Amino acid sequence: MAEVVLRNVKKIYSTKKKRKRTEVIAVKNLNLTIQDGEFLALLGPSGCGKTTTLRMIVGLETITEGQILIGGKVVNTWTPAQRNVAMAFETYALYSHLSVRDNLGLCLKAKGVAAEEIKGQVEQIAEVLRITDILEARSSGLSGGQQQRVSLGRALIRNPSVSLLDEPLSHLDASLRLETRIEIKRIHQRLKGTFVFVTHDQMEALALSDRVAVMNFAELQQVGTRSDLYDRPANVFVADFVGEPPINLFPDSAIQSHRGELFAVTPRREFKFALPPEIKAKLESKTKDSVTIGMRPQYINVQAAEGREPLAGNVSVFEFLGETGNLTVTNEGLDINVLAPPDFHAPVGEPIELYYHPGKVLLFDAENGKNINCE
Ligand SMILES: Nc1ncnc2c1ncn2[C@@H]1O[C@H](COP(=O)(O)OP(=O)(O)OP(=O)(O)O)[C@@H](O)[C@H]1O
Ligand SMILES: [Mg+2]
């Protein structure tokens with residue numbers, strides 16, 4: 001088992017096209033510690049550097065700057081074989097001429113494990129991943145979802161100290177995806193290894209992991225638990241990327257003081273949020289003429305409750321989402337989304353009072369997007 005530490009890790013790809021050299025910064029000054037036995041999700045939009053990060057940890061990519069430590073040792077010059085890190089790729093990378101059984105057992109065979117032992121381990125992982133019925137099939141004839149599970153099995157059978165899973169569920173249909181997700185979690189609980197799981201899907205990241213590292217444009221934005229990302233997002237990007245339904249964001253808003261109380265007010269005063277007194281010191285330490293207000297739909301509802309402040313608007317759209325409803329309320333053309341009970345019913349255009357939690361109002365610096373509450 002092993003802790004993984006990335007210290008100021010940078011990756012620049014240099015490519016030459018028509019005699020012109022271009023450089024792409026794929027990962028920029030990445031500082032991240034993945035604890036021994038932790039399940040960390042790496043979340044971010046396409047091209048933000050997730051796969052590159054995994055490839056550097058496993059040793060398939062040299063790093064341009066910085067250090068990678070596995071189990072306390074700097075591994076920058078170690079080969080992939082020396083690192084005891086396994087990686088399951090989004091594009092399965094299976095040996096197409098071999099059977100599923102042989103694909104799964106290949107690395108154990110290379111390690112000199114006895115045939116009987118290989119058989120036992122292959123059959124055990126196949127059962128966990130529900131691929132027992134295709135063990136004798138050639139991997140070239142399998143569906144995308146089946147290949148993905150074989151690829152996952154091949155990575156996990158080695159009992160590595162670190163497992164890197166690059167979007168291992170992306171080709172599975174919804175129900176198989178959920179099932180395999182649970183199996184991955186079980187395998188983690190059994191192996192107790194360090195897992196890094198790459199995904200685009202925030203719900204998957206939050207459901208599976210102990211902590212989530214959010215990346216954007218080659219940079220780590222924040223690493224934290226579900227509640228860190230929900231309630232204390234480091235910046236506008238994290239606030240917006242994480243959360244379903246998405247956070248309400250009101251750029252170009254202002255901070256106003258009225259009778260000793262502070263308010264955050266949207267540009268044309270459509271919505272006015274009272275702020276908790278603790279924020280005052282943080283605002284006074286700088287001048288904030290312009291902020292982005294963030295308010296999660298979960299912290300606004302249609303019923304009055306103690307400690308909640310009212311906001312006025314008119315009913316615009318209601319979407320039934322099963323357990324809850326997504327209600328859009330409009331004031332002077334500005335929309336705010338809130339969670340409403342599934343049986344909510346009100347005619348479009350009807351005036352409505354919403355109630356929000358003042359302690360949950362987020363403020364972001366207009367210039368750098370950083371969360372003022374966390375500064
Ligand atoms: N071998 C390469 N040569 C040149 N540029 C590359 C190479 N591999 C990746 N890149 C670039 O580095 C950046 C990061 O790519 P990476 O594959 O790590 O992103 P990602 O977060 O895994 O994206 P996705 O979610 O689409 O898989 C992208 O701009 C990509 O185009
Ligand atoms: Mg990728």
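Residues numbered from 1 in each chain as written. Chains lettered and ligands numbered in written order. Predicted model: local features only at pLDDT ≥ 70, side-chain atom pairs only at ≥ 80, totals over all residues. Heavy atoms only, no water.

Draft legend 1. The arrangement of the overall build of the chain in detail. Within the chain one finds 10 helices and 20 strands. With respect to the three principal axes, the spread of C-alpha positions in the chain is 80 × 45 × 45 Å. Of all 375 residues assigned to the chain, the portion counted as buried reaches 47%. Excluding contacts between residues fewer than 6 apart, the proportion of contacts in the chain whose partners are at least 24 apart in sequence is 67%. Summed over all atoms, the accessible surface of the chain reaches about 18,300 Å², with 49% contributed by carbon and sulfur. Computed over 44 positive and 45 negative side-chain charges, the inter-centroid distance for the chain is 9 Å. (Helix = DSSP H or I, 4+ residues; strand = E, 2+ residues; numbered from the N terminus. Buried < 20%, exposed > 50% of the residue type's maximum accessible area, 1.4 Å probe, protein only. Contact = heavy atoms within 4.5 Å. Areas by Shrake-Rupley, 256 points an atom, 1.4 Å probe, with all protein chains shown as cover. Lys, Arg positive; Asp, Glu negative; His and termini not counted. Charge placed at Lys NZ, Arg CZ, Asp CG, Glu CD.)

Draft legend 2. Structural detail: the side chain of Glu 38. Summarising the element assignment, Glu 38 is placed in the loop between strand E2 (20-34) and strand E3 (39-43). Owing to a relative accessible area of 4%, Glu 38 belongs among the buried residues under this scheme. Here the side chain of Glu 38 touches Gln 35 through a polar contact of 2.9 Å, landing on its backbone nitrogen. Within polar-contact distance, the side chain of Glu 38 engages the side chain of Arg 211 at 2.5 Å. (Polar contact = N/O pair within 3.5 Å; in protein donor to acceptor, adjacent residues only side chain to side chain.)

Draft legend 3. Summary view of the site of ligand 1. Taken together, 14 residues lie around ligand 1, and Ser 46, Gly 47, Lys 50, Thr 51 and Thr 52 are the ones closest in. At a separation of 3.2 Å, an oxygen atom of ligand 1 approaches a polar backbone atom of Cys 48. Within the contact set of ligand 1, an oxygen atom lies 3.2 Å away from a side-chain nitrogen or oxygen of His 200. Within the complex, the protein chains bury 64% of what would otherwise be the 640 Å² of accessible surface of ligand 1. Per element, the largest residue contribution to the shell around ligand 1 is 3 residues, and it comes from helix H1 (residues 50-58). (Near = heavy atom within 4 Å.)

Draft legend 4. Representation of the packing of helix H3 (residues 100-110) against helix H4 (residues 115-128) in the model. The contact between H3 and H4 brings their axes to 10 Å, and the two run at 130°. In terms of orientation, H3 lies oblique with respect to H4. Handedness of the H3/H4 crossing: right-handed. Along the contact surface, H3 presents Arg 101, Leu 104, Gly 105, Leu 108 and Lys 109, while H4 presents Ile 118, Lys 119, Gln 121, Val 122, Glu 123 and Ile 125. (Axes fitted to C-alpha atoms, helices over the stretch in contact; angles between N-to-C directions. Parallel < 35°, antiparallel > 145°, perpendicular 65-115°, else oblique. Left-handed = near helix turned anticlockwise from the far one by under 90°.)

Draft legend 5. Main features of the packing of aromatic side chains. The final tally for this structure, using the stated rule, is 7 aromatic pairs. Summarising the aromatic geometry, the rings of Phe 250 and Phe 271 are spaced 5.8 Å apart at their centres and angled 45° between planes, so their arrangement reads as tilted. Here the residue Phe 250 occupies a position in strand E11 (residues 248-258), and Phe 271 occupies one in the loop between strand E12 (261-265) and strand E13 (272-274), the gap between them amounting to 21 residues. According to the relative accessible area criterion, Phe 250 is buried, its value standing at 4%. Ring centres of Phe 273 and Tyr 356 lie 5.0 Å apart, and the angle between their planes is 75°; this geometry places the pair in the edge-to-face category. You can see Phe 273 sitting in strand E13 and its partner Tyr 356 sitting in strand E19 (residues 351-356), a full 83 residues away along the chain. Residue Phe 273 is classed as buried on the basis of its relative accessible area, which comes to 0%. Relative accessible area serves as the criterion here: at 1%, Tyr 356 is assigned to the buried category. Taken together, the ring pairs connect Phe 250, Phe 271, Phe 273 and Tyr 356 into an aromatic cluster. Directly above the aromatic system of Tyr 230 lies the positively charged group of Arg 226, at a separation of 4.5 Å from the ring centroid. Here Lys 272 stacks its cationic end above the ring of Phe 263, 4.5 Å away from the centre of that ring. (Phe/Tyr/Trp six-rings, centres within 6.5 Å; stacked < 30°, edge-to-face > 60°. Lys NZ or Arg CZ within 6 Å of the ring centre and 35° of its normal.)

Draft legend 6. Geometry of the environment of His 258. Tracing the chain through its elements places His 258 in strand E11. For the pair formed by His 258 and Leu 94, sequence separation is 164 residues and the distance between their alpha carbons is 66 Å.

Draft legend 7. Structural detail: the sheet that holds strand E7 (residues 162-166). Taken together, the 6 strands give an open sheet; going across it, the order is E6-E7-E8-E3-E9-E10, and neighbouring strands pair in mixed fashion. Each edge of the open sheet is held by one strand with a lone partner, namely strand E6 (85-88) and strand E10 (219-224). Going from strand to strand, the sheet's axes swing by 15° on average, the running direction of each strand aside. Note: E3 against strand E9 (residues 211-216), 4 bridges, orientation parallel. The residue bridging Leu 42 from the neighbouring strand is Ala 213, located in E9. Strands in contact with H1 are E3, E6, E7, strand E8 (194-199) and E9; relative to E7, the strand with the most contacts, it is inclined by about 155°. Set on the sheet, helix H5 (residues 144-156) makes contact with E6, E7 and E8; between it and E6 the angle comes to about 180°. (Pairing = 2+ DSSP bridges.)

Draft legend 8. The domain arrangement of the chain, seen in detail. Looking at the assigned domains, one finds that the chain contains domain 1 (4-240) and domain 2 (245-374). In this structure, domain 1 and domain 2 have C-alpha centres spaced 38 Å apart. When the two sides are added together, the surface that domain 1 and domain 2 hide from each other amounts to roughly 930 Å², 56% of it contributed by carbon and sulfur. Three residues, Tyr 230, Asp 231 and Val 236, lead the burial of domain 1 against domain 2; their summed loss comes to 48% of the area buried on that side. In this structure, the connection of domain 1 to domain 2 is made through 1 salt bridge. Our count for the domain 1 to domain 2 interface comes out at 7 residue pairs in polar contact (both at pLDDT 80 or more). At the level of secondary structure, the elements contributing two or more residues to the side of domain 1 that touches domain 2 comprise helix H8 (226-231) and helix H9 (236-241). (Domains from an automatic or database assignment. Buried area = accessible area lost by both parts, 1.4 Å probe. Salt bridge = Lys/Arg side-chain N within 4 Å of Asp/Glu carboxyl O.)

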